[in-house]
There are 2 protein chains.
Amino acid sequence: MPPPPLLLRNVRPLGATAVDLLVQDGRIAALGPALEAPAGCVVEEGGGALLLPGLVEGHTHLDKTLWGLDWYRNEVGPRLVDRIDNERAFRRASGHDAAAQSLALAKAFLALGTTRLRTHVDIDTEAGLRHLEGVLRTRDAMQQVQQIQIVAFPQSGLLGRPGTAELLDEALARGADVLGGLDPCAIDGDPVRSLDLLFEIAQRHGRPLDIHLHEPGAMGAFSLELILDRTAALGLQGRVAISHGFCLGDLPERECEALLARMAKLGVALITSAPAARAVPPLLACRRAGVTVLGGNDGIRDTWSPYGSPDMLERAMLIGLRYNLRRDDELAIALDCVTEAGARGCGFEAYGLAPGCRADLVLVEAQTVAQAVVARPPRRLVVSGGRVVAREGALLPGVVPA
Amino acid sequence: MPPPPLLLRNVRPLGATAVDLLVQDGRIAALGPALEAPAGCVVEEGGGALLLPGLVEGHTHLDKTLWGLDWYRNEVGPRLVDRIDNERAFRRASGHDAAAQSLALAKAFLALGTTRLRTHVDIDTEAGLRHLEGVLRTRDAMQQVQQIQIVAFPQSGLLGRPGTAELLDEALARGADVLGGLDPCAIDGDPVRSLDLLFEIAQRHGRPLDIHLHEPGAMGAFSLELILDRTAALGLQGRVAISHGFCLGDLPERECEALLARMAKLGVALITSAPAARAVPPLLACRRAGVTVLGGNDGIRDTWSPYGSPDMLERAMLIGLRYNLRRDDELAIALDCVTEAGARGCGFEAYGLAPGCRADLVLVEAQTVAQAVVARPPRRLVVSGGRVVAREGALLPGVVPA
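Cut-offs and rules
Residues numbered from 1 in each chain as written. Chains lettered and ligands numbered in written order. Predicted model: local features only at pLDDT ≥ 70, side-chain atom pairs only at ≥ 80, totals over all residues. Heavy atoms only, no water. Helix = DSSP H or I, 4+ residues; strand = E, 2+ residues; numbered from the N terminus. Contact = heavy atoms within 4.5 Å. Buried area = accessible area lost by both parts, 1.4 Å probe. Salt bridge = Lys/Arg side-chain N within 4 Å of Asp/Glu carboxyl O. Domains from an automatic or database assignment. Expected span 1.5 Å × (residues − 1). Buried < 20%, exposed > 50% of the residue type's maximum accessible area, 1.4 Å probe, protein only. Pairing = 2+ DSSP bridges. Axes fitted to C-alpha atoms, helices over the stretch in contact; angles between N-to-C directions. Phe/Tyr/Trp six-rings, centres within 6.5 Å; stacked < 30°, edge-to-face > 60°. Lys NZ or Arg CZ within 6 Å of the ring centre and 35° of its normal. 1 Å grid on protein atoms, 1.4 Å probe; cavity = no way out; pocket = protein on both sides within 12 Å on 5 of 7 lines; lining within 4 Å. Points joined across faces, edges and corners; volume = space filled by probe spheres on them. Nonpolar A, V, L, I, M, F, W, Y, C, P; charged D, E, K, R; others polar. Least-squares fit on C-alpha atoms with pLDDT ≥ 70 in both.

Next up on the list: the environment of B:Pro281. Residues and elements named next belong to chain B. Note that Pro281 resides in the loop between β11 (269-272) and α8 (283-289). The spacing of Pro281 and Ile333 is 52 residues in sequence and 15 Å in space, taken between C-alpha atoms. Setting aside its immediate chain neighbours within four residues, Pro281 contacts His244, Gly245, Leu248, Gly249, Leu270, Cys286 and Tyr323.

Take a look at the structure:
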């Protein structure tokens, strides 16, 4: 049942002049001065607040989070393999519940204005499809109020544990939206075989790809070229995303720009958490080249890392800090990474503040977009698909079925 | 008039077992289980909350901030000189009020638990001592509840504008606590003459030094050596601090370590905002070498930068992110930068949670120190010098004289 019409009075879309905004059938129907409220319409007084489109999380791991649980004491070693092994041991010992945990975090995201979200979900021969089943339950529970894209992610690699490919296959058959990949050299040790198999699975299901590429420098560039070769050969323009892509932050400028030009031509998006502690892809050069760059937390409060937050305005601020974006026009880029570019990179449809778009709306007390990014003000109101779902940072009762 | 005795029941100092904490005459008198409340004692129930010592801001610019004003649209160019010139033009046009602005931000710091604070104050031939006078008023107003150290800071350089040295001299005579300096090569263009003059002024007043050193790589290392030479020659062990010290993040490891060893020997502290967008001094190597590293925001919401926050737990988090501190024992280091090491580096006395220390206390809802850093929970209670000054992030009425 679609929600009743909703009229937001006196709101400033992305800081522009105040208007009224009318929502009908869950979509934005009109924006303009002094709109008339149709019969049965709910009216919300915006009070001149800043209006943002629903925020977009481009890369997280809902299934791993310990959000809301007792504090996890992190004593993990520094290598990638330490973190993978530690997580596996933790799960064995703790009986980690991916359904409950992913739901808790998805709700926290929604309360802070994130209405669309891409999450990777671990698929491996130890956990099987248990995490997927949990996150599918969360996706169902949130269906009306949050669009969740699930990436079937081989956290332990694709080749190392026989049976993983079959599990990914089954994950896609069961409803995962995207196929994930991971470091074909550094983790799988056989990049050609790894990527050939990965692309073959994606092709069989007609699904897009989102590949974690942590590999640095020349190794990462090598893997990236292999990925781009297959994207071109298989006609997957606009269907492949690279997560992290740290190598792009290590390369000589010309090599980097050649890769970016190729990515842009093939519509390969780049998803970054903008980590402060390592080289990152050059955001402004990516955008100049025509590569869509979107932002994400990566893991939030899990055995990998204690950091992260379901507040995507905080992620925009961290992107701004990482890339030294100080001017107002630059801070608009930081916001873009968690709004328009986020939606475009993930392929979320009917996104934005124009008539016809899904009515995913966030009201905050801020004078400008730049202020919203640096101050991360409380979310006064969150609307998803035309429904008021949260006020003052708290979900309304009944928004998510019990 | 000293505040009445105060008994905090059931608090966990830095996450340790719950105790009671008794404050008398503004100092911590005792910690232990089930302490008895003396006559006339105010009792606060801690409910098992985490107890932190008052937070310490090691480097900010209270006089520059636009905190609480209308949003400032930043359209500034990228160079240091662009920012200096832009600020000067802004001040001429806006009639910026350093007294009101510094007070607003100092109060925001206190409400979030910062009881000790070092601020640089611009001294130049255009503003004269106007900023100093403003911040001196703020220091007076906050005297009972916040210790503010004022650094007389030649933002436009020491040599370029004749009359600056005399103004610094006067600033110290009028009550500035510390003498500031700035890039003796890059800004002053004559490092030997600049530093000789700077140290001469400091010596004349018997004041410590805190020198902004943005200069990168070899140039910064050269200036740093000159500073250390003078520190040694004048017997200023423990009286000199370097702010930023970016060069330490650029140098080959051995050169860096040689400088750190010398800094440690001379008791030269390093103050960092841990910026995400550039090379930074190696925190762990500094600490291993015996160099005290403390944290600060640098400017907050000013014409230089829109970023920054009076929440020093957020600064600790940003330090943690910049240095990839993920383990609980590492996050304790991030907190140290805004607590113990902060106080030590600035020379704030009677600091800490031991009997005899000034009762500067912060209660937060967190299980561990690590959680306090990454979650930055609301400040349930802030005590300064034994007085309850803030609850739930808001100053109590009457804490700061109107």
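From this point, the discussion proceeds with the structure in view.
Take the interface of chain B and chain A next. With 36 residues of chain B at the contact, the number on the chain A side is 36 residues. Buried area between chain B and chain A, summed over both chains or domains, comes out near 3200 Å², and the portion from carbon and sulfur atoms is 53%. The three residues of chain B that bury the most area against chain A are B:Trp71, B:Tyr307 and B:Arg326, which together make up 25% of that side's buried surface. On inspection of chain B and its partner chain A, the count reaches 2 salt bridges. With a shortest N-O distance of 2.9 Å, A:Arg376 and B:Glu314 are connected by a salt bridge.

So, on to the domain arrangement of chain A. All names here are of chain A. By domain assignment, chain A separates into domain 1 (6-53 + 353-395) and domain 2 (55-346). Look at where the C-alpha atoms of domain 1 and domain 2 centre, and you get two points 29 Å apart. Each side of the interface is counted separately: domain 1 has 24 residues, and domain 2 has 23 residues. Summed over both sides, the interface of domain 1 with domain 2 buries roughly 2000 Å², with 66% coming from carbon and sulfur. On the domain 1 side of the contact with domain 2, Val373, Arg376 and Arg379 bury the most area, a combined 28% of that side's loss.

One full turn of an α-helix is made of 3.6 residues, so residues set three or four places apart face in the same direction. All names here are of chain B. In this model helix α3 (residues 130-142) runs 19 Å from its N-terminal to its C-terminal C-alpha over 13 residues, within 8% of the 18 Å that 1.5 Å per residue would give. For α3, the full list of buried residues reads His131, Leu132, Gly134, Val135, Leu136, Thr138, Arg139 and Met142. Check the buried side of α3 and you find it contacts α1 (80-94), α2 (98-111), β6 (114-122), β7 (147-153) and α4 (164-173).

Quick look at the sheet that holds β7(B) now. Whether parallel or antiparallel, the strands of a sheet pair through hydrogen bonds between backbone atoms. Residues and elements named next belong to chain B. Taken in spatial order, the 8 strands line up as β5-β6-β7-β8-β9-β10-β11-β12 in an open sheet, and their pairing is parallel. Edge strands, defined here as strands with exactly one partner in the open sheet, are β5 (55-60) and β12 (293-295). This sheet shows a mean twist of 25 degrees between the axes of neighbouring strands, independent of strand direction. Across 5 bridges, the pairing between strand β9 (residues 209-213) and strand β10 (residues 240-244) is parallel. For Asp210, the partnering residue across the bridge sits in β10 and is Ala241. Set on the sheet, helix α5 (residues 191-205) makes contact with β8 (178-182), β9 and β10; between it and β9 the angle comes to about 155 degrees.

Residues and elements named next belong to chain A. Within the structure shown, the criterion is met by 2 aromatic pairs over all chains. Ring plane angle 75 degrees and centroid distance 5.1 Å describe the contact between Tyr72 and Phe90, whose orientation is recorded as edge-to-face. Of this pair, Tyr72 sits in the loop between β5 (55-60) and α1 (80-94) while Phe90 sits in helix α1; the two residues are 18 residues apart in sequence, bridging distant segments of the chain. Each member of the pair Tyr72 and Phe90 is classed as buried. The ring of Phe246 has Arg278 lying over it, and the distance from NZ or CZ to the ring centre is 3.7 Å.

Below, the discussion takes up unusual backbone geometry. Glycine aside, a negative phi is what most residues show, and trans is what most peptide bonds show. Even without glycine at this site, A:Asp298 takes up a positive phi of about 65 degrees. In this structure, A:Asp298 sits in the loop between β12 (293-295) and α9 (312-322). The phi dihedral of B:Ala34 falls on the positive side, at around 45 degrees, and the residue is not glycine. Of note, B:Ala34 is situated in the loop between β3 (27-32) and β4 (42-53).

Its boundaries defined by the atoms lining it, the second largest pocket holds a volume of some 1200 Å³. Along its surface, the second largest pocket is lined by 47 residues, and A:Asp311, A:Glu314, A:Ala375, A:Arg376 and B:Glu314 are the ones closest to its centre. Of all the elements, helix α12 (residues 369-375) of chain A adds the most residues to the lining of the second largest pocket, at 3 residues. By residue class, the composition of the lining of the second largest pocket is 23 nonpolar, 9 polar and 15 charged.

What follows is about the relation of the copies chain B and chain A. Mapping chain B onto chain A calls for a rotation angle of 180 degrees and an axial translation of 0.0 Å; the resulting RMSD is 0.0 Å. Here the copies are linked by what is in effect a two-fold axis. Identified as the residue of chain B closest to the rotation axis by C-alpha distance is B:Ala276, at 2.4 Å. The residues that chain B uses at the interface reappear at the interface of chain A in 100% of cases, marking a shared surface.

Turning our attention to helix α10 (residues 328-337) of chain B. Residue and element names in this part refer to chain B. In terms of residue burial, α10 counts as a mostly covered element, since 7 of its 10 residues are buried. Three or more residues of α10 are buried, namely Asp328, Leu331, Ile333, Ala334, Leu335, Asp336 and Cys337. Looking at the buried side of α10, the elements it contacts are β4, α8, β12, α9 (312-322), α11 (340-346) and α12 (369-375).

Once that is clear, we can look at empty space enclosed by the protein. Residues and elements named next belong to chain B. On inspection of all chains with the given rule, the structure shows 3 cavities of 30 Å³ or more. Of the pockets and cavities examined, the largest cavity occupies roughly 50 Å³. Around the largest cavity, the lining residues are Leu158, Gly181, Leu182, Asp183, Pro184, Asp188, Ser194, Leu195, Leu198 and Ile211. Elements supplying a minimum of two residues to the lining of the largest cavity: β8 and α5. Take the lining of the largest cavity: its biggest share by element is 3 residues, from α5. Considering only residue class, the lining of the largest cavity consists of 6 nonpolar, 2 polar and 2 charged. The computed volume of the second largest cavity comes to approximately 40 Å³.

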